[in-house]
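Commentary on secondary and tertiary structure
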Amino acid sequence: MDDSTAHNAEPMRLSRRGFVLGTGSIVGLGLLQGTGIARAAAAPAAPIGDGARVPVLVIGTGYGGSVAALRLAEAGVDVHMVEMGQSWDTPGTDGKIFANTRTPDYRSFWLRTKTKQPLSNFLGFPIDKTVPRHTGILDAEDFSGITVYQGRGVGGGSLVNGGMAVTPRRDRFGAVLPSVNADEMYSVYYPRANAGLGVNEIDRAWFDTTDCYQFARVGRKHAQRSGFEFVYVPNVYDFEYMKREAAGTVPRSALEAEILYGNNHGKKSLQQTYLARARATGRVSISALHRVTSVSPASGGGYRVTIEQIDTSGTVTATKTVTAARVFFAAGSVGTSKLLVKLKATGALPNLNGEVGRGWGDNGNVMCGRANHMWDPTGSLQSSIPTAGIDNWDAGGAFAEVAPLPTGIETYASFYLSITKNPNRARFTWNAAAGRVELDWQTAWKQPSITMAKTIFDKINQKEGTIYRTDLFGAYKIWGDHLTYHPLGGAVLNRAIDNYGRLHGHPGLYAIDGSLIPGNTSVNPFVTITALAERNIEKIIATDL
Ligand code: FAE
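Everything numeric here is computed off the predicted structure, so don't read it as measured data.

Check the secondary structure of the chain and you find 14 helices and 20 strands. Expressed as lengths along the three principal axes of its C-alpha atoms, the size of the chain is roughly 70 × 50 × 50 Å. In the chain, which comprises 545 residues, the share counted as buried stands at 61%. In the chain, 71% of the contacts between residues at least 6 apart in sequence involve partners at least 24 apart.

Position of Ser158 among the secondary structure elements: in the loop between strand S6 (146-151) and helix H5 (173-176). A polar atom in the side chain of Ser158 sits 3.0 Å from the backbone nitrogen of Leu270. Once residues within four sequence positions are removed from consideration, Ser158 is found in contact with Tyr63, Lys267, Ser269 and Leu270.

In this section: the site of the ligand. In the vicinity of the ligand there are 37 residues, among which Glu83, Gly157, Met164, Gly514 and Phe526 approach most closely. With respect to the ligand, the backbone of Gly514 contributes an N or O atom lying 2.8 Å from an oxygen atom. Relative to its free-state accessible area of 1,000 Å², the ligand is covered by the protein chains to the extent of 95%. For the shell around the ligand, the secondary-structure elements that each account for two or more residues are helix H4 (63-74), S6, strand S9 (290-297), helix H11 (332-345) and helix H14 (526-544). Residues of the shell around the ligand, tallied by class, amount to 16 nonpolar, 17 polar and four charged.

This part takes up the layout of surface pockets. Quantified by volume, the second largest pocket comes out at close to 270 Å³. Per-element tally for the lining of the second largest pocket: the top contributor is strand S7 (residues 229-232), with three residues. Of the residues belonging to the lining of the second largest pocket, the class tally is ten nonpolar, one polar and five charged.

Its twelve residues give helix H8 (residues 214-225) an end-to-end C-alpha distance of 16 Å, which sits within 8% of 16 Å, the value for a rise of 1.5 Å per residue. All of the buried residues in H8 are Phe215, Ala216, Arg217, Val218, Gly219, Arg220, His222 and Ala223. Where H8 terminates, the next one or two residues include Gly227, which has phi positive at roughly 85°.

As a further point, take the sheet that holds strand S13 (residues 388-392). Each strand in a sheet pairs with another by means of backbone hydrogen bonds, the pair being arranged parallel or else antiparallel. Strand order in this open sheet of six strands is S7-S13-S14-S15-S12-S18, and the pairing throughout is antiparallel. Single-partner strands in this sheet number two, and they are S7 and strand S18 (467-468). Sheet analysis places strand S14 (residues 398-403) next to strand S15 (residues 413-420), joined by six bridges and oriented antiparallel. Counterpart to Glu401 in the pairing with S15 is Leu417. Seen against the sheet, H8 touches S7, strand S12 (366-371), S13, S14 and S15 and runs at an angle of roughly 150° to S7. Here helix H13 (residues 447-464) sits on the sheet in contact with S12, S13, S14, S15 and S18, set at roughly 10° to S12.

With that out of the way, let us pick up the sheet that holds strand S19 (residues 483-484). With respect to topology, three strands assemble into an open sheet ordered S5-S6-S19, the strand pairing being mixed. Each edge of the open sheet carries a strand with a single partner, namely strand S5 (138-143) and S19. One ladder, built from two bridges, connects S6 with S19; its direction is parallel. Paired with Thr147 across the bridge in S19 is Leu483.

For the pair H8 and H13, the least separation of the axes is 9 Å and the interaxial angle reads 90°. Looking at the two axes, H8 sits roughly perpendicular to H13. Between H8 and H13, the residues in contact are His222, Ala223 and Arg225 and Ile460, Lys463 and Glu464, respectively.

Time to look at unusual backbone geometry. If you check the backbone angles, Tyr476 has positive phi at about 60° while not being a glycine. Given the relative accessible area of 75%, Tyr476 is considered exposed. For Asn494, which is not a glycine, the phi torsion comes out positive at approximately 70°. Note on placement: Asn494 falls in the loop between S19 and strand S20 (509-511).

Conventions used here
- Residues numbered from 1 in each chain as written.
- Predicted model: local features only at pLDDT ≥ 70, side-chain atom pairs only at ≥ 80, totals over all residues.
- Heavy atoms only, no water.
- Helix = DSSP H or I, 4+ residues; strand = E, 2+ residues; numbered from the N terminus.
- Buried < 20%, exposed > 50% of the residue type's maximum accessible area, 1.4 Å probe, protein only.
- Contact = heavy atoms within 4.5 Å.
- Polar contact = N/O pair within 3.5 Å; in protein donor to acceptor, adjacent residues only side chain to side chain.
- Near = heavy atom within 4 Å.
- Areas by Shrake-Rupley, 256 points an atom, 1.4 Å probe, with all protein chains shown as cover.
- Nonpolar A, V, L, I, M, F, W, Y, C, P; charged D, E, K, R; others polar.
- 1 Å grid on protein atoms, 1.4 Å probe; cavity = no way out; pocket = protein on both sides within 12 Å on 5 of 7 lines; lining within 4 Å.
- Points joined across faces, edges and corners; volume = space filled by probe spheres on them.
- Expected span 1.5 Å × (residues − 1).
- Pairing = 2+ DSSP bridges.
- Axes fitted to C-alpha atoms, helices over the stretch in contact; angles between N-to-C directions.
- Parallel < 35°, antiparallel > 145°, perpendicular 65-115°, else oblique.

Here it is as structure tokens:
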């Protein structure tokens, strides 16, 4: 990119020299004496410096942010990514980077003194325990009426999620993203996203025989006996590695109950895919344990970004102000919504429109368990990686992931996370007195999800002569209706932003994450978030830079 093409659209003109200086101010003056960007980026990562000027600042290192960083860097633009969570590259005292789901510890939860596990009970007994307050990997963020689970760290949700890499059925796409050209998505951007994420499929013959998917085969048998479509779901966990785990030739991860607090092996999180490629360009640097608190127009053009550096107890150790020509909000649906709503309400970004913070949904998530008969054991060895689901979307509005319960003992339980066509949408608003952003979701709004999930499980229970488990979410509570893993919306396409993610009212600001999607994707969302980011960044690079 040369001076004539760089930033000839709106915000701040940065020459190529400006780019290099920007990079130098990130990595420290000594490196400026080197010969170029690539060398500078190869040095040990240093956090962004107070007063730095950068061409592009990306807030968050999840799917949307990682796609943006890679493609911008490939187009010759230096990118600085700011991530409030840790970098997750250093082993703890046990020699492992990530904690096990069976033994949560200080690494497991984001700044909590007690765990808040999605399955709060077992056999009716509470299983949460006290842990040291730490910048752990899983945030259970409480709003009124719902707890939103999110990944924290370099890699965002890819660090903690189940890796289910689902492309929605083509005929359902119009209801998910009506303003997006489906032909382009299915011919170009979904394939690009699947390739970039390293998606693979389970070997069906192995699925049919391995002990660790007995739970899923029981799920298949019950689904099919009730006449439901059973579908295999691709994943970013390397199934060849998993086979070797089962054979005992490599360290176990999926077969050792690792998932919710990170996988030490086997899983291709963004750290191994998009972010690795982004770093390899030499143009992308990342400041971990840095949290963006404000973005406002800078007097000389571009934007002033205020960033708090925190330590692993969450204490602010420095506050920095940097200037960026362009800012990409990729803090996830909740993170981006919270920032935008606060910045509009407090006057930092006064020209954002009234759609900011609206159109938020939970992807219709609801959980439940079923108690099987003694002759239908689900297995004491369960892979923590789900790889199948029950599709009753068209008839009943529900797609149910057949999920593992990797407790290490036989539970005779079948466990499911359903994604449902729940129409309820919530809104984020700024509470000036409390100084925080709130979400007006109500617990009762999950009722449509429960009704839709019951179209599957009432029928299966009737056919099998089985009942719902009542011991997983509290005493005598059937439905896990207090949470979501899939927050979506808050900066919805063609409402708060244009059809490619440009925020209305402030040229040079973009949203590029789950906040773009209006509340539901009909399946697990990260492939759609990635594909949409691929589509949007291509347009932005072609027309804005
Ligand atoms: P995300 O990946 O959440 O990244 C946002 C990043 O921004 C995070 O790293 C934040 O720490 C960071 N951040 C937030 N605020 C700030 C700030 N102010 N300053 C600096 N950094 C900030 O966003 N989806 C699937 O498709 N398949 C699955 O199997 C699946 N399983 C899941 C299981 C669990 C337990 C959870 C929690 C989620 C699961 N998901 C799954 C959802 C998926 O991970 C989620 O949709 C994506 O991660 C969202 O991607 P974004 O790019 O929107």
